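Read off the chains here:
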Amino acid sequence: MEIVFSLQSSVFRLPPYLASTAWMQGKVDLKKLKTRDYTRTLIESNAPEGMVLTVPVTGGSSAVKRLKPELLEVSAHGDWTRIHLGAIEAAYGREPYFQHLFPEIAAVIEHYPQHLASLNVLLMEKMMDFIGYRDNLSEIEALRERHPERCAAIVSRLESKIDLRHSFLEPLFRLGPDAIFLLTGSGIVNGLEVYASPESASES
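Residues numbered from 1 in each chain as written. Predicted model: local features only at pLDDT ≥ 70, side-chain atom pairs only at ≥ 80, totals over all residues. Heavy atoms only, no water.

A. Expanded view of the overall build of the chain. Secondary structure assignment for the chain yields ten helices and four strands. If you list the helices and strands of the chain from N to C, you get β-β-α-β-β-α-α-α-α-α-α-α-α-α. Of all 204 residues assigned to the chain, the portion counted as buried reaches 50%. Long-range contacts, defined as pairs at least 24 residues apart, comprise 70% of the intrachain contacts of the chain with a sequence gap of at least 6. Accessible area of the chain: about 10200 Å², with a carbon and sulfur share of 50%. (Helix = DSSP H or I, 4+ residues; strand = E, 2+ residues; numbered from the N terminus. Buried < 20%, exposed > 50% of the residue type's maximum accessible area, 1.4 Å probe, protein only. Contact = heavy atoms within 4.5 Å. Areas by Shrake-Rupley, 256 points an atom, 1.4 Å probe, with all protein chains shown as cover.)

Given below as structure tokens:
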């Protein structure tokens, strides 16, 4: 299921909640995504399969079955914000760049907007801003074109340090700004050239 929004002059593909590195690299078949896939992410844990974090939505599983992702509203059920932030800190709290990004991610989650789509896009913006996506990707893409083998080696080395199924938070916390190399040649994040939250778009 590929969800494309057009909000005035901004167009973006709706990302899943704290999207995986594989999604960011364009390695996920968008047509196979189901509504529930937009409500959850996978992070590192002691279990080999990792830990799934799911955003509760108003109406529960019946709403997830009936509604499109952009229509889902975030529920306050179950103290999910504390659980998610605690799990993220337990998984990545000792990573070198954790304290540089976590406060901003925590602020979005703690003060989550009404709609799941807005939450997902706001978190995407925080992740992309952290690596200077708008300012740095074109320069790195140019480097990739000039030195493809060198860049491929860098990407391979970085990928060996993470699990592509996990949230893109993992390379951000672990690799810092170098995580932008993981997005080179990926179709600019699943074709996501311009993106905006519904709230910010309505203000423009």
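B. Region of the structure containing the pattern of salt bridges. One pass over the structure, following the stated rule, counts nine salt bridges. Residue Lys-27 pairs with Glu-159 through a salt bridge whose shortest N-O separation is 3.4 Å. Of this pair, Lys-27 sits in the loop between helix H1 (21-24) and strand E3 (40-43) while Glu-159 sits in helix H7 (residues 148-159); the two residues are 132 residues apart in sequence, bridging distant segments of the chain. Between Glu-141 and Arg-144 there is a salt bridge, with its nearest N and O atoms 2.8 Å apart. Placement of the pair is Glu-141 and Arg-144 together in helix H6 (residues 133-146), with a separation of three residues, close to one helical turn. (Salt bridge = Lys/Arg side-chain N within 4 Å of Asp/Glu carboxyl O.)

C. Up close: the layout of surface pockets. Considered as a void within the structure, the largest pocket measures approximately 280 Å³ in volume. Looking at the lining of the largest pocket residue by residue, the classes come out as nine nonpolar, two polar and three charged. (1 Å grid on protein atoms, 1.4 Å probe; cavity = no way out; pocket = protein on both sides within 12 Å on 5 of 7 lines; lining within 4 Å. Points joined across faces, edges and corners; volume = space filled by probe spheres on them. Nonpolar A, V, L, I, M, F, W, Y, C, P; charged D, E, K, R; others polar.)

D. Layout of the nonpolar core. In this structure, Ile-88, Leu-119, Ile-131 and Phe-168 are the most contacted members of the largest nonpolar core, which totals 58 residues. Elements supplying a minimum of two residues to this core: H1, helix H2 (60-66), helix H3 (80-92), helix H4 (98-110), helix H5 (116-130), H6, H7 and helix H8 (169-175). The element contributing the most residues to this core is H5, with eight residues. (Core = buried A, V, L, I, M, F, W, Y, C linked by side-chain atoms within 4.5 Å.)

E. The arrangement of the packing of aromatic side chains in detail. Scanning all chains against the criterion turns up five aromatic pairs. Judged by centre distance (5.3 Å) and plane angle (45°), the ring pair of Trp-80 and Tyr-112 falls under tilted. Of the two residues, Trp-80 sits in helix H3 while Tyr-112 sits in the loop between H4 and H5, which places them 32 residues apart along the sequence. Taking the centre distance of 5.7 Å and the plane angle of 45° together, the rings of Tyr-92 and Phe-173 count as tilted. Highlighted residues: Tyr-92 in helix H3 and Phe-173 in helix H8, separated in sequence by 81 residues. Just as Tyr-92 is buried, Phe-173 falls in that class too. (Phe/Tyr/Trp six-rings, centres within 6.5 Å; stacked < 30°, edge-to-face > 60°.)

F. Structural context of the packing of H4 against H5. In the contact formed by H4 and H5, the axes pass within 10 Å of each other and the chain directions differ by 165°. By the angle between their directions, the pair H4 and H5 is classed as roughly antiparallel. Note that H4 runs across H5; the crossing there is right-handed. Where H4 abuts H5, its residues His-100, Leu-101, Glu-104, Ile-105, Val-108 and Ile-109 lie against Leu-119, Leu-122, Leu-123, Lys-126, Met-127 and Phe-130. (Axes fitted to C-alpha atoms, helices over the stretch in contact; angles between N-to-C directions. Parallel < 35°, antiparallel > 145°, perpendicular 65-115°, else oblique. Left-handed = near helix turned anticlockwise from the far one by under 90°.)

G. Geometry of the packing of H6 against H7. Axis separation between H6 and H7 bottoms out at 5 Å; the angle between their running directions is 120°. Here H6 lies oblique to H7, going by the angle between them. For the pair H6 and H7, the contacting residues are Leu-143, Arg-144, Glu-145 and Arg-146 in the first and Pro-148, Arg-150 and Cys-151 in the second. A per-class count over the contact of H6 with H7 returns three nonpolar, no polar and four charged.

H. Inspection of the environment of Met-127 at higher detail. Mapped onto the elements of the fold, Met-127 is located in helix H5. For Met-127, a relative accessible area of 1% puts it in the buried group. Placed 42 residues apart in sequence, Met-127 and Leu-169 show a C-alpha to C-alpha distance of 7.3 Å. Beyond its immediate sequence surroundings of up to four residues, Met-127 is in contact with Leu-18, Ala-19, Ile-105, Phe-168, Leu-169 and Leu-172.

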